[in-house]
Amino acid sequence: MLFSQISKNHFSRCRWLFSLHPQQPLHHSNHMDASQKVLGCRVIHSRVSNALSGIGQQIHHQSTAVAEEQVDPFSLVADELSLVTNRLRSMVVAKVPKLASAAEYFFKMGVEGKRFRPTILLLMATALNVPICRSAPQVDVDSLSTDLRTRQQSIAEITEMIHVASLLHDDVLDDADTRRGIGSLNFVMGNKIAVLAGDFLLSRACVALASLKNTEVVSLMATAVKHLVTGETMQITTSSEERCSMEHYMQKTYYKTGSLLSNSCKSIALLAGHTAEVSILAFDYGKNLGLAFQLIDDVLDFTGTSATLGKGSLSDIRHGIVTAPILYAMEEFPQLRTLVDRGFDDPVNVEIALDYLGKSRGIQRTRELARKHASLASAAIDSLPESNDEEVQRSRRALVELTLRVITRTK
C-alpha cells in the first residue's frame, strides 16, 4: 500500500507526544500537509497523485482520532491490580493477632494507596509483551504466557511488600505520626510492633521471591533491599560536606526511591526472557521515574499541605534533611550553608531557610531536574522494540503518561 512505509512505532510516538501536550490544537492549511507532519513525526510520501488525496485525508482524520485517545494508566490494569491486591492481603496474614493487625495495616481497603509501583510493573509486563526468538523446544504458548504473567504479578506483589516495609521502618526512624492521611503504625501500635511488622513483610517478600527460582531476579531484588537500607543510613549519618552535596543527595535518592523501581522493572524484563539491552531500558525507565517522583516529593514537602500529602509538610527540613530545593537555593545564597551546618532544631532557622528558598530558583530548578528524568524515562519506553500490538502500544503510552503525572502531581 501507499502508506505501508509508515512505521507504526513512529506513529505511536506521535500519539504519546500529543498526550503530553493536549492543550495545543492542531491547525492545518490543508489535509495533505497535516498528514506529512503530525506533531513533528514526519511521514514520507512518494509522488502522491491528486486522485489519492482523499485517501490521505481519511488516514489523517483516523490518526488524529487515535492520537486524541486518552490513556488512564490505572484503569488499564484495574482488574489485574485488584487480583494482585487481594493476593497481597492473603500473603500478609500472620498467626499472631497483633502482628497480623500490624502487617495488614497498610493493605486494608481505603488505605492501600494508589498502588503506584504494582501499576507500573503490570504495565511494563504488557509493554514488553513482544515476540522473542527462542531456541528452546516448542511448548504450549498459552500456558507459558499465563505462567509468565503470574510470575510478573509476583514481582509486583514483592515490590509492594518491600515498599510498605520500608515505609514502616522509615516512620520509626523519622518518628512520624501520620502516613497516607491516617496515624502511622508506630504512632498507633508503637515502634517495636512497627519494626517487627516491616520485618515480617520483608520475610514474606523473600519467600515469594524464592518461589520464582530465578537467581538473577533474586539478586536484583535483594540489591534493591540493600539499597533501601544504605540510602536510609546515608540520610541519618551524613557529614557536613555530604549534606551539602548534590551528588550525595542524588545517590541517596536513587538508593531510597529509584533502586526498587528500576530493579523490579528489570526483573519483569528478565522473567520474560528479554535481552540485556531491553532489560536495561526497563531498568532506566524505573530509575528515572523513581528519581523524578522523589524530586517532586521534595518540592511538595515545601509547597504542599499536610492534608494533600498525607503527612506533615516541611517534614524533611524539620528533621534536618537537606533536599534538592535547599541545595539549589544554597548555590544562589551561600549563607544558607551556615544554617544547614547549624541544623534546623530551632524553628527560626527553618523560617530563615524558607525565606532564602522563596527568593531563589530552588523549587523551579528541582522541577526542571524532575522533568529531565521524566524525559529520560519516556525515552527508554520510546526505545523498546517495535510492536504492532495495540495492547502493547497502549501500555507504553500509559507508562509515558505516568511520567507526566509524576511531574505534575500535587500530592
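Residues numbered from 1 in each chain as written. Predicted model: local features only at pLDDT ≥ 70, side-chain atom pairs only at ≥ 80, totals over all residues. Heavy atoms only, no water.

The protein is annotated in an unreviewed UniProt entry as Geranyl diphosphate synthase from Anisodus tanguticus. Reading the Sequence similarities (unreviewed entry) entry of the UniProt record for the protein gives the comment "Belongs to the FPP/GGPP synthase family." Reading the Cofactor (unreviewed entry) entry of the UniProt record for the protein gives the comment "Mg(2+)". (UniProt positions renumbered as here; feature names shortened; annotations may be inferred.)

Draft legend 1. Fine view of the nonpolar core. Counting 107 residues, the largest nonpolar core has Ile-120, Met-124, Tyr-285 and Leu-399 as the members making the most contacts within it. With 14 residues, the single largest contributor to this core is helix 14 (residues 276–303). Look past the residues within four positions of Met-124 in its chain and what remains in contact with it is Cys-265, Ile-268, Ala-282, Tyr-285, Ile-381 and Leu-399. (Core = buried A, V, L, I, M, F, W, Y, C linked by side-chain atoms within 4.5 Å. Buried < 20%, exposed > 50% of the residue type's maximum accessible area, 1.4 Å probe, protein only. Helix = DSSP H or I, 4+ residues; strand = E, 2+ residues; numbered from the N terminus. Contact = heavy atoms within 4.5 Å.)

Draft legend 2. Representation of helix 14 in the model. Over its 28 residues, helix 14 runs 40 Å from end to end, which matches the ideal 40 Å to within 8%, given 1.5 Å per residue. Counting buried positions along helix 14 yields 22 of 28 residues, so the element is predominantly enclosed. (Expected span 1.5 Å × (residues − 1).)

Draft legend 3. Here's a closer look at the pattern of salt bridges. A complete count under the given rule lists 14 salt bridges for this structure. When the shortest N-O distance is used, the salt bridge between Lys-256 and Asp-170 registers 3.7 Å. Separated by 86 residues along the polypeptide, Lys-256 in helix 13 (residues 246–271) and Asp-170 in helix 8 (residues 141–174) bring together distant segments of the chain. We note a salt bridge from Lys-359 to Asp-355, for which the minimum N-O separation is 3.6 Å. Separated by four residues within a single helix, Lys-359 and Asp-355 lie in helix 19 (residues 347–359), roughly one turn from each other. According to the relative accessible area criterion, Asp-355 is partly exposed, its value standing at 43%. (Salt bridge = Lys/Arg side-chain N within 4 Å of Asp/Glu carboxyl O.)

Draft legend 4. Here's a closer look at the side chain of Gln-153. Relative to the helices and strands, Gln-153 is located in helix 8. At a separation of 2.7 Å, a polar atom in the side chain of Gln-153 contacts the side chain of Glu-80. Within the structure, Gln-153 has its side chain in polar contact with the side chain of Arg-87 (distance 2.6 Å). For Gln-153, the contacting residues outside a window of four places in its chain are Glu-80, Val-84, Arg-87 and Leu-122. (Polar contact = N/O pair within 3.5 Å; in protein donor to acceptor, adjacent residues only side chain to side chain.)

Draft legend 5. Layout of helix 5 (residues 78–91). Under the 1.5 Å per step criterion, the end-to-end length of helix 5 is 20 Å for 14 residues, consistent within 8% with the ideal 20 Å. Those residues of helix 5 that sit buried are Glu-80, Leu-81, Val-84, Thr-85, Leu-88 and Met-91. Taken down its axis, helix 5 places every buried residue within 140° of arc, on the same side. (Arc of directions from axis to C-beta.)

Draft legend 6. Local environment of the packing of aromatic side chains. Tallying each qualifying case throughout the model produces three aromatic pairs. Judged by centre distance (6.0 Å) and plane angle (45°), the ring pair of Tyr-254 and Tyr-255 falls under tilted. Across the pair, exposure class does not vary: Tyr-254 and Tyr-255 are buried alike. Ring centres of Phe-333 and Tyr-356 lie 5.4 Å apart, and the angle between their planes is 40°; on these two criteria the pair is classed as tilted. (Phe/Tyr/Trp six-rings, centres within 6.5 Å; stacked < 30°, edge-to-face > 60°.)

Draft legend 7. Structural context of the packing of helix 13 against helix 14. Running from amino to carboxyl end, helix 13 crosses helix 14 at an angle of 145°, the nearest separation of the two axes being 7 Å. For the pair helix 13 and helix 14, the crossing hand works out as right-handed. Across the contact of helix 13 with helix 14, the residue classes break down as 13 nonpolar, nine polar and three charged. (Axes fitted to C-alpha atoms, helices over the stretch in contact; angles between N-to-C directions. Left-handed = near helix turned anticlockwise from the far one by under 90°. Nonpolar A, V, L, I, M, F, W, Y, C, P; charged D, E, K, R; others polar.)

Draft legend 8. Representation of the environment of Leu-128 within the structure. Here Leu-128 shows up in the loop between helix 7 (116–127) and helix 8. Assessed through its relative accessible area of 3%, Leu-128 is described here as buried. For the pair Leu-128 and Val-392, spaced 264 residues apart in the sequence, the C-alpha separation amounts to 7.1 Å.

Draft legend 9. Structural view of the packing of helix 14 against helix 21 (residues 390–408). Between helix 14 and helix 21, the least distance of the axes is 9 Å, while the angle of their chain directions is 20°. In terms of orientation, helix 14 and helix 21 fall into the roughly parallel class. Crossing handedness for the pair helix 14 and helix 21: left-handed. Counting all contacts with helix 14, which are made through Tyr-285, Leu-289, Ala-292, Phe-293 and Ile-296, the residues of helix 21 involved are Leu-399, Leu-402, Thr-403, Val-406 and Ile-407. Tallied by class, residues from the contact of helix 14 with helix 21 come to nine nonpolar, one polar and no charged. (Parallel < 35°, antiparallel > 145°, perpendicular 65-115°, else oblique.)

Draft legend 10. Highlighting unusual backbone geometry. The residue Lys-213 is not glycine, and still its phi comes out positive at about 55°. Note that Lys-213 resides in the loop between helix 10 (191–211) and helix 11 (215–236). Taking relative accessible area as the criterion, Lys-213 reaches 76% and is therefore assigned exposed.

Draft legend 11. Local environment of the environment of Ser-387. Relative to the elements of secondary structure, Ser-387 occurs in the loop between helix 20 (362–382) and helix 21. When the C-alpha positions of Ser-387 and Asn-129 are compared, they lie 8.8 Å apart, and in sequence the two are 258 residues distant.

Draft legend 12. Broad picture of the confidence of the model for the protein. When pLDDT is averaged across the protein, the result is 80; 76% of the residues are at 70 or more. The secondary-structure element of the protein with the lowest mean pLDDT is strand 1 (residues 37–38), recorded at 32, while helix 20 shows the highest, at 98. Here residues 1–68 is modelled with pLDDT under 50, and outside its nearest four sequence neighbours on either side it reaches 65 contacts, counting other chains as well. (pLDDT = per-residue confidence, 0-100.)

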